[in-house]
Amino acid sequence: MRNTTAGPLQTAVRGVPLLAAVLACGVLLLPAAPRAWAQEAEPAAGDAIDASVKDATAATSVAQPEVSYLEWVLDAMGWHYTLIFLAISFALVALFVMNLLAAKRENVVPSTLVEGFEQHLAAKQYQEAYDLAKADESFLGQILSAGLSRVSIGYNEAIEAMQEAGEEENLRMEQRLGYLALIGTISPMIGLLGTVEGMVDSFMVIANTNTGAPDPQELAKGISRALFTTLVGLYLAIPALTAYHLLRNRVSRLVLEVGIVSEGLMRRFRKSNEKV
């Protein structure tokens, strides 16, 4: 007789491994799903953070417009230092141009005066030579006119008069050049004054801050004044001192040339006095 209960039991036993395999796959897939959801959520959160940062940056840029470098400098130095440095700048340019023109060779030792003076002396037209030198406002013209005015007394007296006139003209040119040296000296001192004032303002901000850190913008104002005043003072002092020394050396060479040329032109009166 065939056992009728063996069929269903065998079928159930054969389905157990299949059920176990399905359950195992489910256990393995369950941890992967949260990880996938987390990976999808992380970019979304990162995008949200980036968007908030961009919005904050845009708001900051709208709230604080950019300031040009020139406006920053003028605001940092203040109107009083700005006016002082502008006045010094205009004076520096004017003095440089004036001294440069005065130190030209044609304005100190004009060749036309030398040629005309020699021609009048060769023709023994002493009055015409004196009038020519007197009418000329150059360094050499003043010296020659001073010498000719005393040559009738004697050659040595004429040389002394020429030396006195030369010293006077040389002193006048040195005094004009001295203003350049003055600008080169006081410009850094004004800048140093602004440096001290700016540092005092910065420390005053720190001293008046009761709680927390001091305002960085208020500190930056004092420090900016300290730095910009020193910078502008040096910008004015360096070219002023450079121009002073270069022009002074040129004036010294021209003064030496004036002395040589004037003595050469007046030497013939020495010979005439020796003959007498």
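Anyway, here's the lowdown on the structure attached to this text. The structure presented is a predicted model; accordingly, all values stated were derived computationally and were not measured. (Residues numbered from 1 in each chain as written. Predicted model: local features only at pLDDT ≥ 70, side-chain atom pairs only at ≥ 80, totals over all residues. Heavy atoms only, no water.)

Thoughts on the pattern of salt bridges
Between side chains of opposite charge, pairing is possible as soon as their charged atoms come close.
Turning to step 1, where the next piece is worked out: Across all of its chains, the model carries seven salt bridges by this definition.
Turning to step 2, where the next piece is worked out: Where E197 meets R225, a salt bridge forms, and the shortest distance between an N and an O atom there is 3.1 Å. Placement of E197 in helix α7 (residues 155-207) and of R225 in helix α8 (residues 216-275) is noted, with a sequence separation of 28 residues between them.
Turning to step 3, where the next piece is worked out: Overall, the relative accessible area of 16% leaves R225 in the buried class.
Turning to step 4, where the next piece is worked out: The shortest N-O distance in the salt bridge between R225 and D201 comes to 3.3 Å. Here D201 lies in helix α7 and R225 lies in helix α8, a separation of 24 residues in the sequence.
Turning to step 5, where the next piece is worked out: Each of the salt bridges in this network shares a partner with another, and the network as a whole consists of E168, E169 and R172. (Salt bridge = Lys/Arg side-chain N within 4 Å of Asp/Glu carboxyl O. Helix = DSSP H or I, 4+ residues; strand = E, 2+ residues; numbered from the N terminus. Buried < 20%, exposed > 50% of the residue type's maximum accessible area, 1.4 Å probe, protein only.)

Some thoughts on the nonpolar core
If you look at soluble globular proteins, the nonpolar side chains tend to sit buried side by side.
Turning to step 1, where the next piece is worked out: In this structure, F117, L180 and M266 are the most contacted members of the largest nonpolar core, which totals 48 residues.
Turning to step 2, where the next piece is worked out: Put simply, the parts of the chain that give this core at least two residues each are α2 (69-102), α4 (111-122), α5 (126-135), α6 (139-150), α7 and α8.
Turning to step 3, where the next piece is worked out: Take this core: its biggest share by element is 13 residues, from α8.
Turning to step 4, where the next piece is worked out: Among all residues touching M266, those that are not within four sequence positions of it are L144, G147, L148, V151, Y155, A158 and M162. (Core = buried A, V, L, I, M, F, W, Y, C linked by side-chain atoms within 4.5 Å. Contact = heavy atoms within 4.5 Å.)

Describing a nonpolar patch on the surface
Turning to step 1, where the next piece is worked out: On the surface, a nonpolar cluster with roughly 420 Å² of combined accessible area is contributed by V93, F96, V97, L100 and L101.
Turning to step 2, where the next piece is worked out: When you line up the elements, F96 lands in helix α2.
Turning to step 3, where the next piece is worked out: Accessibility expressed as a relative area gives 35% for F96, which makes it partly exposed. (Patch = residues over 30% accessible without salt bridge, like charges linked within 9 Å, V, L, I, M, F, W, Y side chains within 5 Å. Areas by Shrake-Rupley, 256 points an atom, 1.4 Å probe, with all protein chains shown as cover.)

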